[in-house]
Amino acid sequence: MDETRIVEIFEAFFEKYKKTEGDRSSWSAHWTVYNQGHSFEINLTKCPKGTRFKIFCDKSKIEEIEGWEAFLASLDRLEKTHAPAFERGDFFTQMQEML
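So, how was this worked out
- Residues numbered from 1 in each chain as written.
- Predicted model: local features only at pLDDT ≥ 70, side-chain atom pairs only at ≥ 80, totals over all residues.
- Heavy atoms only, no water.
- Helix = DSSP H or I, 4+ residues; strand = E, 2+ residues; numbered from the N terminus.
- Buried < 20%, exposed > 50% of the residue type's maximum accessible area, 1.4 Å probe, protein only.
- Contact = heavy atoms within 4.5 Å.
- Polar contact = N/O pair within 3.5 Å; in protein donor to acceptor, adjacent residues only side chain to side chain.
- Pairing = 2+ DSSP bridges.

A. Fine view of the environment of K61. As for its placement among the helices and strands, K61 is situated in strand β5 (residues 60-66). Under the relative-accessibility criterion, K61 is labelled partly exposed at 46%. Among all residues touching K61, those that are not within four sequence positions of it are K54, I55 and F56. A polar side-chain atom of K61 sits 2.8 Å from a polar atom in the side chain of E64.

If you want it as structure tokens, here you go:
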């Protein structure tokens with residue numbers, strides 16, 4: 001799946017499922033997949049500081065990435081490090097199905 005399509009899917013998912021972080025200045029939406037006994041979650045947050053991605057594997061936060069460019073650049077590394085829990089094609093295809 002190409003990067004443009006990933007952004008389109010995640011942005012549409014965000015718009016449909018976003019929830020406020022309390023003060024209505026920060027909004028977030030997350031998606032979790034389960035694969036072979038593992039979970040992998042990406043939380044997209046938009047706030048005054050910008051766009052942030054919080055990454056969780058097996059319910060533990062493993063990193064936080066700032067901005068779309070850095071997030072997209074990290075996908076290959078995330079796939080290699082967190083397989084079989086994360087596979088981008090499967091992750092974003094499942095997210096798209098919820099739209």
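That shown, we press on.
B. Structural view of the pairing of strand β2 (residues 27-35). As paired elements, strand β1 (residues 19-20) and β2 share two bridges and run antiparallel to each other. In the strand pairing of β2, T20 is matched with W27. With nine bridges joining them, β2 and strand β3 (residues 38-47) adopt antiparallel strand pairing. Following the sheet pairing, W27 is matched in β3 by K46. As consecutive antiparallel partners, β2 and β3 are separated by two residues, and within that stretch Q36 has a phi angle of approximately 50°, a positive value.

On their own, these measurements won't tell you what the molecule is for.
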